[in-house]
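Examination of the molecular architecture
Single-letter residue listing:
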Amino acid sequence: MQKEQIGTGFHILSKPAGPICNIDCNYCFYTEKEALFPKKNQFRMSEEVLETFIKNYISTQNIPEIQFVWQGGEPTLVGLDYYRKIVSLQAKYAEGKKIINSLQTNGIRLNEEWCTFLKENEFLVGLSLDGPENLHNFYRVDKKGNPTFSKVLEALKLLKKYKIPFNVLVSVTRESSKEPLEVYHFLKEQGVEFIQFNPIVERIPDAMAAKMGLRHATPNANNEEGQKDLVTDFSVEQGAFGTFLTEIFDERVHNDVGSIHVMNFEWALESWLGLPSTVCIFSEECGNALAIEHNGDMYSCDHYVYPDFRLGNVLEQDLKAMVESNTQRSFGENKKSSLPKQCMECEVRFACHGECPRHRFMRTHDNEPGLSYLCSDYKHYFHHIHRYMKVMVQLIENGLPASKVMDVIKAPIVVTNHQSTTV
Ligand code: SF4
Ligand code: SF4
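Predicted model, so just to flag it, every value in this text is computed and none were measured.

**Topic: the site of ligand 2**
Near ligand 2 you find Gln 342, Cys 343, Cys 346, Val 348, Arg 349, Cys 352, Gly 354, Cys 375 and Lys 379, and these make up its full shell. Partitioning the shell around ligand 2 into residue classes produces 5 nonpolar, 2 polar and 2 charged.

See the structure below:
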């Protein structure tokens, strides 16, 4: 009998090596999760968990393409043979659906053999690289505190050599947030075409985190006085990430639209086009991006891997039941229902939607809780890009590529559809 399926699709980030990593980036929010699992765990997803997950993840979704994201910690630590096993299990249970695999890696273990496999099996790769040597090595160091930049750059060269589609994930820290163009030009010089900027915002541990042996605050920690002082010293300062994005936006909108894809700007364009966001942080509601740990435990989100947000275990509970549970539904709906009045009345809410709940630990000007730490950043950024976004929307609606915006900027008046457009 056909198993009941979910028609809209959801994502589960998979952590085959759990939170274990071969390097020790100071700002990492995930390696601390080792403290949440009993010591007897081997931090390697067993074949039983892996097969159950792959089988149910495919069969539960009534969509033509199934996306797997292998992440960590560092997911290459389980070894290349493990991925050969993954691919064979996916083929076994594919049911005619197209399987897409993404690997999010620090790049340290990538070599010719890995790249041959990734290319042959059409993996997409996300490579963590924070910018030029000094900025990358500031936090991304190995277990002995040694820099990792040169190894990551070798990985980038290999990905290019093998023509493996990849994007670079840049963690924007307090230091790098002050050097937007240095970061952007470096990536451009390296021939990177797809970039995503993730701001680092972590709070110092609250009492609950300290009790659990974690280095950063748990999601429900309350901030009272001196709110902004409660972030770690590697977190971006308020205002810095907005400036970082706008400076790179200006550079790209004059020179690189269509040739360098900055995902942050692509997401914004979706909002200006009136489309639902493809990324959870800017969606009205979330809850469609879950996480599975090495032992089969399922969590509401990769950023909410805490006992309070555990939905069950893939060996014990039905995957569909966990995804559709009241707990998970209310987790996703809460993103919208918990918005403070300041967000509800905000003119850029259509693009921001209060951003990710994990950053909502500030108070509004009315002293209401639940405002994003990055509010002023996004307000600045969305207001700044508005006029360019309007032009790009008009171009697209007239069947022209968004990259024409660069011509519009150079010759500030164009006539489209009997209307003049100025930037
Ligand atoms: S909590 Fe944040 S990261 Fe998690 S699913 Fe919601 S918006 Fe996405
Ligand atoms: S910019 Fe600020 S006020 Fe506006 S929706 Fe985003 S977080 Fe809320």
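Read on, since the account is not over.
**Brief notes about the site of ligand 1**
Neighbouring ligand 1 are Cys 280, Ile 281, Cys 286, Cys 301, His 303, Tyr 304, Phe 331, Lys 335, Cys 356, Pro 357 and Arg 358. Tallied by class, residues from the shell around ligand 1 come to 8 nonpolar, 1 polar and 2 charged.

**Considering the packing of helix H6 (residues 180–189) against helix H8 (residues 240–255)**
It is the contact of H6 with H8, at a shortest axis distance of 8 Å, that shows an interaxial angle of 45 degrees. Classified by the angle between their axes, H6 and H8 sit oblique to one another. In the packing of H6 onto H8, the handedness of the crossing is right-handed. Note on element contacts: H8 touches H6 through Phe 244, Glu 247, Ile 248, Glu 251, Arg 252 and Asn 255, opposite Pro 180, Leu 181, Val 183, Tyr 184, His 185 and Lys 188. Residue composition of the contact of H6 with H8, by class: 6 nonpolar, 2 polar and 4 charged.

**Quick word on the sheet that holds strand S9 (residues 297–299)**
Here 10 strands make up an open sheet; going across it, the order is S7-S6-S5-S4-S3-S2-S1-S8-S9-S10 and the pairing mixed. Strand pairing shows two members of the sheet lacking a second neighbour, strand S7 (261–262) and strand S10 (310–313), which therefore form its edges. As judged from the 5 bridges shared by strand S5 (residues 166–172) and strand S6 (residues 194–199), these two strands associate in the parallel manner. Among the inter-strand pairings, Val 172 is bridged to a residue of S6, identified as Pro 199.

**Regarding the pairing of strand S8 (residues 289–292)**
Taken together, the 4 bridges between strand S1 (residues 11–14) and S8 define a ladder with parallel strand orientation. Looking across to S8, one finds that Ile 12 is bridged to Leu 290. Bridge analysis of S8 against S9 gives 2 bridges, and the strand direction is antiparallel. Considered in S9, the bridge of Ile 292 is made with Met 298.

**Here's the deal with the pattern of salt bridges**
Counting across every chain of the model gives 15 salt bridges. The salt bridge involving Lys 178 is made with Glu 237; its shortest N-O contact spans 3.8 Å. Of this pair, Lys 178 sits in the loop between S5 and H6 while Glu 237 sits in the loop between helix H7 (207–212) and H8; the two residues are 59 residues apart in sequence, bridging distant segments of the chain. Taking the relative accessible area as the measure of exposure, Glu 237 reaches 36% and is therefore partly exposed. Measuring nitrogen to oxygen at the nearest pair gives 3.5 Å for the salt bridge that ties Arg 252 to Glu 266. Taken together, the residues span a long stretch of sequence, with Arg 252 in helix H8 and Glu 266 in helix H9 (residues 263–272) at a distance of 14 residues. On the basis of relative accessibility, which here comes to 25%, the residue Glu 266 falls in the partly exposed class. Taken together, the shared-partner salt bridges in this structure form one network comprising Asp 81, Arg 84 and Glu 113.

**Quick look at the packing of aromatic side chains**
For the structure on display, the rule yields 35 aromatic pairs. Each ring, one from Tyr 139 and one from Phe 234, has its centre 6.0 Å from the other, and the planes form 70 degrees; the classification is edge-to-face. With a gap of 95 residues between them, Tyr 139 in helix H4 (residues 133–139) and Phe 234 in the loop between H7 and H8 connect regions that are remote in the sequence. Assigned by exposure class, Tyr 139 and Phe 234 land together as buried. Plain terms: the ring middles of Phe 241 and Phe 244 are 6.2 Å apart, the flat faces sit at 15 degrees to each other, and that makes the pair stacked. Pair noted here: Phe 241 and Phe 244 are both in helix H8, with a separation of 3 residues, about one helical turn. The pair formed by Phe 241 and Phe 244 is uniform in burial state, with each residue classed as buried. One Lys or Arg, Lys 15, reaches over the ring of Tyr 30 and ends 3.7 Å from the middle of that ring. Note that Lys 33 overlies the ring of Tyr 306, its terminal NZ or CZ placed 4.7 Å from the centroid.

Thresholds, definitions, all that
Residues numbered from 1 in each chain as written. Chains lettered and ligands numbered in written order. Predicted model: local features only at pLDDT ≥ 70, side-chain atom pairs only at ≥ 80, totals over all residues. Heavy atoms only, no water. Near = heavy atom within 4 Å. Nonpolar A, V, L, I, M, F, W, Y, C, P; charged D, E, K, R; others polar. Axes fitted to C-alpha atoms, helices over the stretch in contact; angles between N-to-C directions. Helix = DSSP H or I, 4+ residues; strand = E, 2+ residues; numbered from the N terminus. Parallel < 35°, antiparallel > 145°, perpendicular 65-115°, else oblique. Left-handed = near helix turned anticlockwise from the far one by under 90°. Contact = heavy atoms within 4.5 Å. Pairing = 2+ DSSP bridges. Salt bridge = Lys/Arg side-chain N within 4 Å of Asp/Glu carboxyl O. Buried < 20%, exposed > 50% of the residue type's maximum accessible area, 1.4 Å probe, protein only. Phe/Tyr/Trp six-rings, centres within 6.5 Å; stacked < 30°, edge-to-face > 60°. Lys NZ or Arg CZ within 6 Å of the ring centre and 35° of its normal.

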